[in-house]
Amino acid sequence: MTPDHDRSRSPAGRALLSDLVRGHRLTAGLTQAELAGRAGIGVRTVRDLERGRATRPQRTTVDLLADALGLTGAARREFVATARPAPVPAPATAPTPVEPDPPVALPQPVPLVGRERDVAEVSELLDAYPVVSLVGLAGVGKTALALTVAHAVAARHPAGVVGVLIGEGSDAADVLAASTAVFGVSRLADLSCRLDGRPALLLVDAVERAPGPVAEALRALTAAAPSLRVLVTGRRPVELPGELVRPVAPLDVPPAGAEPVDRAELDRWPAAALFAARLTQARHAPPTPVELPALAALVRRLGGLPLAIELMAARGRILDVTELLDRYGDRVLDLAGGRPGWQPADPTAGTVTLREAVATSYHLLAPAERAALRRLSAFRNRWSVELAEELLADGDERWDAVPLLDRLRELGLLSVRGAGPFRFRLLDAVRDFATEQAEAEAETAEIRRRHASVVAGLVRRTAPGLVGVELPGTLHLLDEATGDISAALTYAAEAAPMTALLLAAALPRWWRLRGRDVTGRAWLRRLLSDPRTAGARPVLRAWALVGMARLAVEHGAGPEELPAARAALATFVEVGDVTGELSARSVLCAVLRGIGAHDEAREQAEAALGLATRHHRVREMAVAQAHLTWHDVRVGELAGARRRLATVDRLAAQCGDQRLRLLTRADLAELTRLEGRYAEAVEQGRRAAAALVELGDPGRRRRTIGSVGLALALAGRDEEALAVVAELWPSGSVPGRHLAAQWPDGGRHARTEDALRALIEGQVALHRGDRELAAEWFAAAAEAATGDADRRDLVEALVGLAVSTGEATVLDRLDRARQVTGVRLLPREEALLRSSMSLRERGGPE
């Protein structure tokens, strides 16, 4: 930055050399000794020049000083001309016009990414407040934002837009002298006349280097020149009357779990867009599609800090993005680069690491605030004020976390995003640093114990909302807390197993809805078998047992957990826990149906219906009726099944359970297909599948889409049916080869999907007259459906195989399957078999 000295003149019309030297030195943030050392001259020479004792230094000294001050262009020419003036020419007959002051005596700003809203907001704040402080972590982009704003508002400040950079050890007199000098005056008293009531803007950068002197100087400046506006940058506020503190947040990063599909989607997030742009500059090639997921993960680890992004992207000259993530993802605090500022690069200034940048702001906190920050570093994602207060509380003492969070936000250590309660998050670099400090203070174990207890309490309070009208909000909250749940469970399983069991016993519904049934069941088995949890309350262990069985059903391991479900039911009945008993009976319905114990499964459903009716549990009445629906389907009572589904829908609407209503609509689509009304089944199924996207039950949604594909195949709409196959199984398959690898938790999901896929392909082949291929697909479907998958799928597969081959052995196998499963053939299936057998007897086509 070059000060504007046009107004500081000697009587002969030249700028005073003493003012120029002092003004340029202060603008560069240098002491007299630092300037002398950089120029290679004596400190006394600098002192004499600033005091006016030396007025005509040697030309060599002038050049050394100009180089040390980084002067170029017009600023350098003025400096040399003032120090070594040419003879003054005779006065002209007409006065020489004086060029007007430049509107902005600041460097041109670099193009910003993702700061449009910040620029607009800060520009408006300058109209309303005399001092606006941009506060944030080092490297967050405060100076770049300030320069952009200053240029944007230049037209509104006709008296000038100028700036000063604060040097280490500056006193109030230094700051005042530099601030008046850049406006072209040598005394504060002359500033008001210089501005003459016109708006002007002063940018003061790096106030943390001398916060007290800057505050004193700015109080004097704003009092002397009411039309002056001041835009301040620093890691802390100036703390002036009338000051507006505006924290500068890091750039937005892609959310965790959202895999970018292309560069355009990634560029929606400013941090990713900046990294991609700088990477392209560094290696002269944009990121490849393969690198995009690693790029998104890397900018998340960098916390959206522009300085960290710039430093990391520069390393892209040597490493690709995946290698950058692998190499630096766990040590971003060690990234180092030049100290930020607007002055030319200073080779003596050294480098600053992210750890040092965070440490500077950390040490601005009071000891109690630092201790609180160390505790908050346990949170892995976003959290609420209430959770923070729980974590910070000591015994019965309650914290008011609001002042602390405001202080952390003010210093740029805390990110506040979104409108819900879970909108607070420490920057990754801040969290990593605070975690290191906790280790150094030997606090880690206690902090993680507290964190596990807080998360367990959150989940236990929240989990009941996973049924009924609160389901969407509860799912979102638990999804937000995924990282914290995982961290709490991992730590507590080793150090506090009772806390871990409390947490895990409340999670089965969430695990199931998010397709994590294998993982969840493994956690419950591990914790229940831990000797340290043997003394847990019987009801707690019963909930863990029933949750384990519920999850086992999802991946075909229900029979293994039948004893667990029976034990849970016995405990709930013994203690009179109606909610637990209803849950255990519901799980037993699914487990028993999966092993072919249909009569006992029906008894459990009827018992649950009776219990729910006696206690006026409307939702549980609906669930029991849903279980009984499929017993009606099994015995071919489709009209009775339809009536039950209508009852389920009515009860679900009565209790406000939207999820249960959606599942009922999916069941209705399947029932409509079994009734042979394929076009109607397709429309019902597509509507239900679209609604299930929001529900987040991936297994049920895929089953519903598969049922749509089967209805299309049965209707002879081959191309549409194969389009469904391509949607659900894009990698393809061959008859007889299982698709289990395509389902993350394998098991029942994979076998059920294998059977559905093969049924669709078999019906398409049969419709096209390729009986040999149809037989291969139906045989594959029968193999996949054998065991604990859907028993009606097995019967449908064997009917298709019998129609395709006409072999007596297949008919015998079908009869045995019907006897074991209790499934009755539907009229449509009986007609197909009769027609096929009749055709074979007449010697029809093979």
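Note on numbering: residues in each chain are counted from 1, in written sequence order. Per-residue local features of the predicted model are confined to residues with pLDDT of at least 70, and side-chain atom pairs are confined, for both listing and counting, to 80 or more; whole-chain, interface and lining totals are unaffected and use all residues. Each side-chain value is worked out from all heavy atoms of the structure, with water and hydrogens disregarded.

Asks: Would you mind going over the pattern of salt bridges with me for this structure?
Replies: Note on definitions: salt bridges are taken to be side-chain nitrogens of Lys or Arg within 4 Å of carboxyl oxygens of Asp or Glu. Applying the stated criterion across every chain, the model contains 55 salt bridges. A salt bridge links Asp 118 to Arg 115, with the shortest nitrogen-to-oxygen separation between them at 3.0 Å. As far as burial versus exposure is concerned, Asp 118 and Arg 115 are alike and both buried. Overlapping salt bridges, with partners in common, bring together Arg 115, Arg 117, Asp 118, Glu 121 and Arg 246 in one network. Each residue's exposure class comes from its accessible area (1.4 Å probe, protein chains only) as a fraction of the maximum for that residue type: buried when under 20%, exposed when over 50%, partly exposed otherwise.

Asks: Can you help me understand the pairing of strand β5 (residues 243–247) in this one?
Replies: Residues in a regular strand point their side chains to alternate faces of the sheet. Runs of H or I in DSSP of at least four residues are treated as helices and runs of E of at least two as strands, each being numbered from the N terminus. In terms of burial, β5 is largely enclosed, as four of its five residues are buried. For two strands to pair, DSSP has to find at least two bridges joining them. When strand β1 (residues 131–135) meets β5, the two strands line up parallel, connected through five bridges. In the strand pairing of β5, Val 132 is matched with Leu 244.

Asks: I tried to follow the nonpolar core on my own but got confused; where do I start?
Replies: Grouped burial of nonpolar side chains is what soluble globular proteins tend to show. Formed by 137 residues in total, the largest nonpolar core has its most connected members in Phe 275, Leu 376 and Trp 383. The dominant element in this core, judged by the number of residues it contributes, is helix α27 (residues 538–554), at nine residues. Nine residue types can take part in a nonpolar core, namely buried Ala, Val, Leu, Ile, Met, Phe, Trp, Tyr and Cys, and a core is a set of them joined through side-chain atoms within 4.5 Å. Val 764, Ala 765, Ala 780 and Ala 785 belong to the second-largest nonpolar core, a separate cluster that totals 46 residues.

Asks: Sorry if this is basic, but what is going on with the environment of Val 214 here?
Replies: Tracing the sequence through the fold places Val 214 in helix α10 (residues 211–224). The exposure class assigned to Val 214 is buried, which follows from its relative accessible area of 0%. Note on definitions: a residue-residue contact is assigned when non-hydrogen atoms from the two residues lie within 4.5 Å. Once residues lying within four places of it in the same chain are set aside, the contact partners of Val 214 are Ile 166, Val 175, Val 204, Val 207 and Val 238.

Asks: Help me out: how do you make sense of the packing of helix α1 (residues 17–27) against helix α5 (residues 73–83) in this one?
Replies: Geometry of a packed helix pair, given as the angle between the helix axes and the separation of the axes. Lines fitted to the C-alpha atoms define the axes, with helices restricted to the stretch that makes contact. Angles between their N-to-C directions range from 0 to 180 degrees. At their nearest, the axes of α1 and α5 sit 9 Å apart, and the two run at 145 degrees to each other. Helix-helix and strand crossings are classified by hand; for α1 and α5 the assignment is left-handed. For the pair formed by α1 and α5, the contact residues are Leu 17, Leu 20, Val 21 and His 24 on the first element and Glu 78, Phe 79, Thr 82 and Ala 83 on the second. In a left-handed crossing the near helix is turned counterclockwise from the far helix by less than a right angle, and in a right-handed crossing that turn is clockwise.

Asks: It is not clear to me how the sheet that holds β1 should be interpreted in this structure. Could you clarify?
Replies: Backbone-to-backbone hydrogen bonds join strands into a sheet, with any given pair of strands oriented parallel or antiparallel. Pairing in this open sheet of five strands is parallel, and the strands run β2-β3-β4-β1-β5 from one edge to the other. Pairing within the sheet leaves two strands with one partner each, and these edge strands are β2 (161–165) and β5. On average, each strand axis in the sheet is inclined to that of its neighbour by 20 degrees, with strand direction left out of account. Strands in contact with α10 are β1, β3 (200–205) and β4 (228–234); relative to β4, the strand with the most contacts, it is inclined by about 165 degrees.

Asks: I would appreciate a short explanation of the confidence of the model for the protein in the present structure.
Replies: The predicted coordinates of low-pLDDT regions are not to be read in fine detail. The predicted model of the protein has a mean per-residue pLDDT of 85, with 88% of residues at 70 or higher. Predicted confidence for residues 342–350 stays below pLDDT 50, and this span has 18 contacts to residues more than four positions away or in other chains. One confidence number per residue, pLDDT, is output by the predictor and ranges from 0 to 100. Every residue in residues 733–749 is under pLDDT 50, and counting partners more than four places away or in other chains gives 46 contacts.

Asks: It is not clear to me how the packing of aromatic side chains should be interpreted in this structure. Could you clarify?
Replies: For Phe, Tyr and Trp, rings pair up if their centres lie within 6.5 Å, where Trp contributes its six-membered ring, and each pair is then called stacked (planes under 30 degrees apart), edge-to-face (over 60) or tilted (otherwise). One pass over the structure, following the stated rule, counts four aromatic pairs. Geometrically, the ring pair formed by Phe 379 and Trp 383 is stacked, given 5.4 Å between the ring centres and 25 degrees between the ring planes. Here Phe 379 and Trp 383 have matching classes, each one buried. Of the aromatic side chains, those joined through ring pairs into one cluster are Phe 379, Trp 383 and Phe 424. Its guanidinium or amino end placed over the ring of Tyr 328, Arg 315 lies 5.3 Å from that ring's centre, counting from NZ or CZ. By the criterion adopted, a ring carries a charge over it if an Arg CZ or a Lys NZ lies within 6 Å of its centre and within 35 degrees of its normal. The residue whose ring lies beneath Arg 370 is Tyr 362, and the NZ or CZ to ring-centre distance is 5.7 Å.

Asks: Explain the packing of helix α21 (residues 444–462) against helix α23 (residues 482–495) here, please?
Replies: Running from amino to carboxyl end, α21 crosses α23 at an angle of 120 degrees, the nearest separation of the two axes being 9 Å. One way to sum up the angle between α21 and α23 is to call them oblique. Crossing of α21 over α23 shows left-handed handedness. Note on element contacts: α23 touches α21 through Asp 484, Ile 485, Ala 487, Ala 488, Tyr 491 and Ala 492, opposite Ala 445, Arg 448, Arg 449, His 451, Ala 452, Val 455 and Val 459. Taken together, the residues that form the contact of α21 with α23 break down as nine nonpolar, one polar and three charged. The cut-offs work like this: below 35 degrees is roughly parallel, past 145 is roughly antiparallel, 65 to 115 is roughly perpendicular, and the gaps in between are oblique. Here the nonpolar group is Ala, Val, Leu, Ile, Met, Phe, Trp, Tyr, Cys and Pro; Asp, Glu, Lys and Arg are the charged ones; every other residue, Gly included, is treated as polar.

Asks: Explain the pairing of β3 here, please?
Replies: In terms of burial, β3 is largely enclosed, as six of its six residues are buried. What you see with β3 is no split at all: Ala 200, Leu 202 and Val 204 on one side and Leu 201, Leu 203 and Asp 205 on the other are buried throughout. Here five bridges tie β2 to β3, and the two strands are oriented parallel to one another. Bridge pairing in β3 links Gly 163 to Leu 203. What joins β3 to β4 is α10, and the crossover it makes is right-handed. Classification remark: right-handed applies to a crossover when, strands pointing away from the viewer, the course from the first strand over the helix to the second runs clockwise.

Asks: Would you explain the environment of Leu 671 in this entry?
Replies: With respect to the element layout, Leu 671 can be found in helix α33 (residues 658–674). Residues Leu 671 and Ala 681, spaced 10 residues apart in sequence, show a C-alpha to C-alpha distance of 8.0 Å. In this structure Leu 671 touches Val 633, Leu 638, Ala 641, Arg 642 and Leu 645, once residues within four positions along its chain are discounted.

Asks: Looking at this structure, I do not really get unusual backbone geometry. What am I missing?
Replies: Trans is the common state for peptide bonds, and a negative phi is the common state for residues other than glycine. Positive phi, close to 65 degrees, is recorded for Ala 206, a residue that is not glycine. Within the secondary structure, Ala 206 is located in the loop between β3 and α10. Although it is not a glycine, Ala 442 adopts a positive phi angle of roughly 60 degrees. Counting through the fold element by element, Ala 442 comes out in the loop between α20 (428–440) and α21. In this structure Ala 442 comes out as exposed when scored by relative accessible area, which is 72%.

Asks: Any chance you could explain the environment of Arg 700 here in plain terms?
Replies: With respect to the helices, strands and loops of the structure, Arg 700 is situated in helix α35 (residues 698–714). For Arg 700, a relative accessible area of 23% corresponds to the partly exposed category. Arg 700 sits 37 residues away from Leu 663 along the chain, and the two C-alpha atoms are 8.1 Å apart. Apart from the residues lying within four places of it in its own chain, the contact partners of Arg 700 are Leu 663, Ala 666, Asp 667 and Leu 692.

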